[in-house]
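Chain by chain, the residues run as shown.
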Amino acid sequence: GIVPEDVGDEQAQLLGLPRGGVVITNLYRSSPAVDSGVQPGDIVLQVDGRNVHSAQDTLAQIASRKPGSHVRLHLLRGHSEIDVTLAVTEHPPAG
């Protein structure tokens, strides 16, 4: 699991992004995101080829997939754009 936060217009401009994105601020331990190599600080630009507009949008796009399926994240890491594919699992219950 990922903990995303919106990249504001000012931050996007500082990062040289043509559009906003979503920065991953934290990861759940032993999650498919960690297993796939996603790192805190990665910026999510797309989910399965669709641009993301907010942290909420990113989570909704991932949550719309069935557990057991896969989702591709297009990320900006430093100055490089990379793609990672991760398995979708059920979100653990709160508490």
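What comes next is a walk through the structure. It should be emphasised that the depicted structure is a prediction, and the values quoted were computed from it without experimental measurement.

1. Some words on the overall build of the protein
- A count of helices and strands for the protein gives three helices and six strands.
- Its helices and strands in sequence order give the protein the pattern β-α-β-α-β-β-α-β-β, from N to C terminus.
- A compact globule built from 95 residues would reach a C-alpha radius of gyration of about 12 Å, and the protein, at 13 Å, matches this within 12%.
- If you line up the protein on its principal axes, its C-alpha atoms span 35 × 25 × 20 Å.
- Counting the 95 residues in the protein, one finds 37% classified as buried.
- Intrachain contacts of the protein at a sequence separation of at least 6 include 43% that bridge at least 24 residues.
- Computing the positive centroid from 7 side-chain charges and the negative centroid from 11, the protein places the two 7 Å apart.

2. Here we look at the pattern of salt bridges
- Tallied over the entire structure, the rule returns three salt bridges.
- Arg77 is the partner of Asp42 in a salt bridge, and the nearest nitrogen-oxygen pair spans 2.7 Å. Note that Asp42 is positioned in the loop between α2 (32-35) and β3 (43-47) and Arg77 in strand β5 (residues 70-77), a separation of 35 residues in sequence.
- Classification of Asp42 as buried rests on a relative accessible area of 2%.
- Given a relative accessible area of 26%, Arg77 falls into the partly exposed group.

3. Regarding the side chain of Gln46
- For Gln46, the location among the structural elements is in strand β3.
- Gln46 sits in the buried class, given a relative accessible area of 18%.
- Only 3.0 Å separates the side chain of Gln46 from the side chain of Asn51, close enough to count as a polar contact.

4. Quick notes on the pairing of strand β2 (residues 21-27)
- For β2, the tally of buried residues reaches five of seven residues, placing the bulk of the element in the interior.
- As paired elements, strand β1 (residues 2-7) and β2 share six bridges and run antiparallel to each other. Bridge pairing in β2 links Val7 to Gly21.
- Here β2 runs beside β3; their pairing, made up of two bridges, is antiparallel.

Reading the values: the criteria
- Residues numbered from 1 in each chain as written.
- Predicted model: local features only at pLDDT ≥ 70, side-chain atom pairs only at ≥ 80, totals over all residues.
- Heavy atoms only, no water.
- Helix = DSSP H or I, 4+ residues; strand = E, 2+ residues; numbered from the N terminus.
- Rg over C-alpha atoms; globule rule 2.2 N^0.38 Å.
- Buried < 20%, exposed > 50% of the residue type's maximum accessible area, 1.4 Å probe, protein only.
- Contact = heavy atoms within 4.5 Å.
- Lys, Arg positive; Asp, Glu negative; His and termini not counted.
- Charge placed at Lys NZ, Arg CZ, Asp CG, Glu CD.
- Salt bridge = Lys/Arg side-chain N within 4 Å of Asp/Glu carboxyl O.
- Polar contact = N/O pair within 3.5 Å; in protein donor to acceptor, adjacent residues only side chain to side chain.
- Pairing = 2+ DSSP bridges.

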